[in-house]
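Read off the chains here:
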Amino acid sequence: MAGVKDFFEVGVRTTHTAPGSDKSINSSSEETVDLQKELWDTTAVDPVLAKKMALINQSIDEIGMTPFHWKLFFLNGFGYAVDSLLVVTQSIAQPAVSQEYGNPSKHIAGIVLASQIGLLVGAAFWGFSADVIGRKMAFNTSLFVCAIFVTIAGAMPNYISFSAMVAIYSAGAGGNYILDATNFLEFLPSTHAWLVTFLSIWWAVGYTVTGLLAWGFMSNFSCAPDATVAECTRQDNWGWRYLHFTCGGLVLVLSLLRLFLIKMVQTPKWLITQNRDEEAFRVLAVISEKYSRSLSLKLETLQSHGRVYLTEKSVWNSLRLRKHFGGLFETRILAYSTSVIIANWFVIGMVSPLYGVFLPYYLKSRGADTGSGSNYTVWRNYALNQIAGLFGPIIATFLVETRFIGRRGALAIGAAITMALQFGYTQVKTPAENVGVSCAISAASTICAYPSDLLHMRLEDSLLMPLLAPSAWNHYGTIYAYTPEILPAAHRATGYGLCVVLNRIGGIAGVLVGSYANVETSAPLFVCAGLFGLLIVLSLMLPFESRGKRTV
């Protein structure tokens, strides 16, 4: 622990000079800064920031990959794992909670809706605040919020109070992957940017851990599948409570590890957008000194280029606050890119619940036998699905670094494969086909975040829950890594948060439409097919290919 403490307490003595001053400005300000390796040239937006960001990127690449970055891979990965673990925990608990307490609404699954609303609020809050005050606070506090309220949720005495706790801990988790991906990306050398895609392996880990816990708890400590509300008592239904208590304890351990194994600092890219040149330089200098890496950059070189636009104003100035949104659409190409990626996220959120509501009815109408409805079989199949999902991030990492495929190609391929498997799943008629195809869907959908969802289904359809285990909440893989890559650093968390907010709005709309629509016809199948086809087109419409480029 002393080494970690020393790492962040090493100081680099420098003399700060105001960017506008002639003093301490050397010939470095006249040097040409190479912008060829940047993802896109931001000179038209802010020439000072463009040059400073290029110098920071060059320095990060010069330092290279260090043990510090590998620590971040694990500690930021914990946030991914917690996000998936908690979202799946509430979805696993939903049938058991409804069975014990009853559902106040005949149409709407209140627990899933509460989770969606919480995730939406969390994404908006953590995303926007991270661009104003930095990434550090969310890294240090979000998991604590989750640990406290997921534990409390296990003790709730009725459906409404449980839904309220789900909303709160979902809000805590709602910004995890936004900040974890952003934080990790802004420290990484461009040669290892693929690790942000591979970070989604932690989502699969979270799902797998939850699936195995559910297999143990839910199959042994739950009411019989056919028990009514009157027959299902608290004494017979401790499985979902044990699951919440265990997950709460696990998240608390992970939050303590994040707090004590590393003392997080603000990312150098965020610091440079705030014109905090000295702090950005110090972060890089400490890393290079700690791990004996070269660093050619001088503080005077950074300061010689001038002041970043608007940074003379307070971070709470209304103009700067509005800029975090307006900056996402500042040029024609950036506005186009932001609009298309938002459309991707919205369609994903919409299509998954619609497909999930429709599929159980369609399978039943065709006489499909998806296997025994026993608790053991249901949760065994669920665990197998989550284990299969571990292979998706590995495949995604390979695809995004493959020439002629890259990020956009991986997104399109993932959408196409998932679409084919999901509609192939409508032909399932035996238990063996059910497990095999659903596991394939788990692996495919974790590649590029185009999954399906059955987690808001009614209780009588709960035996189908394992079939498409990645769920509408598994929006990870390539799109989780690609989204922060194409957003400008000064507004990256806000833009990412906006994407997720629109995704949640799409999800809420999908839940409501699917709950009230006539799903006993074949029309939803063709609507979903059209939406999945649209996802493929939207993926190929994205203007930036970030493979091999430095994020700005």
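Just so it is clear, the model here is predicted, and its values are computed rather than measured.

Structural notes on the packing of helix α5 (residues 136-153) against helix α7 (residues 176-185)
Between α5 and α7, whose axes approach to 10 Å, the crossing angle comes to 155°. Considered as vectors, α5 and α7 are oriented roughly antiparallel to each other. Crossing geometry of α5 relative to α7 is assigned as left-handed. Here α5 contributes Ala138, Phe139, Ser142, Leu143 and Cys146 to the contact with α7, which in turn contributes Asn176, Leu179, Asp180 and Asn183. Among the residues forming the contact of α5 with α7, the class breakdown is five nonpolar, three polar and one charged.

Structural notes on the state of the cysteines
What the rule picks out here adds up to one disulfide. One disulfide in the model links Cys223 with Cys232; its S-S distance is 2.1 Å. Linking Cys223 and Cys232, the disulfide has an S-S dihedral of approximately 85° and is accordingly described as right-handed. Like Cys223, the residue Cys232 is buried in the burial classification.

Quick notes on the confidence of the model for the protein
For the protein, the average pLDDT comes to 81, and 78% of its residues sit at 70 or higher. Throughout residues 450-475 the model reports pLDDT below 50, and contacts reaching past four residues in sequence, or to other chains, amount to 122 contacts.

Some thoughts on the pattern of salt bridges
One pass over the structure, following the stated rule, counts 14 salt bridges. Of the charged contacts, one joins Asp277 and Lys52 as a salt bridge, the two residues approaching to 2.7 Å between their closest N and O atoms. A residue pair is termed long-range when its members are at least 10 positions apart, and Asp277 in helix α12 (residues 277-290) and Lys52 in helix α2 (residues 47-63) qualify at 225 residues. Comparing Asp277 with Lys52, the two get one shared label, buried. Arg407 is paired through a salt bridge with Glu401; the nearest N and O atoms lie 2.8 Å apart. Judged by its relative accessible area of 1%, Arg407 falls in the buried class. Classification of Glu401 as partly exposed rests on a relative accessible area of 33%.

With respect to helix α4 (residues 110-133)
When the terminal C-alpha atoms of α4 are compared, their 34 Å separation across 24 residues agrees well with the 34 Å that a helix rising 1.5 Å per residue should span. Phi for Gly134, located one or two positions after α4, is positive at around 100°.

Examining the nonpolar core
Core analysis: the biggest nonpolar cluster contains 121 residues, and Leu86, Phe162, Ile341 and Tyr496 have the highest contact counts within it. Here this core gets 15 residues from one element, more than from any other, and that element is helix α3 (residues 67-101). Apart from residues lying up to four places away in sequence, Leu86 is in contact with Cys146, Val150, Tyr169, Ala173 and Val251.

Rules and cut-offs
- Residues numbered from 1 in each chain as written.
- Predicted model: local features only at pLDDT ≥ 70, side-chain atom pairs only at ≥ 80, totals over all residues.
- Heavy atoms only, no water.
- Axes fitted to C-alpha atoms, helices over the stretch in contact; angles between N-to-C directions.
- Helix = DSSP H or I, 4+ residues; strand = E, 2+ residues; numbered from the N terminus.
- Parallel < 35°, antiparallel > 145°, perpendicular 65-115°, else oblique.
- Left-handed = near helix turned anticlockwise from the far one by under 90°.
- Contact = heavy atoms within 4.5 Å.
- Nonpolar A, V, L, I, M, F, W, Y, C, P; charged D, E, K, R; others polar.
- Disulfide = S-S within 2.5 Å.
- Buried < 20%, exposed > 50% of the residue type's maximum accessible area, 1.4 Å probe, protein only.
- pLDDT = per-residue confidence, 0-100.
- Salt bridge = Lys/Arg side-chain N within 4 Å of Asp/Glu carboxyl O.
- Expected span 1.5 Å × (residues − 1).
- Core = buried A, V, L, I, M, F, W, Y, C linked by side-chain atoms within 4.5 Å.

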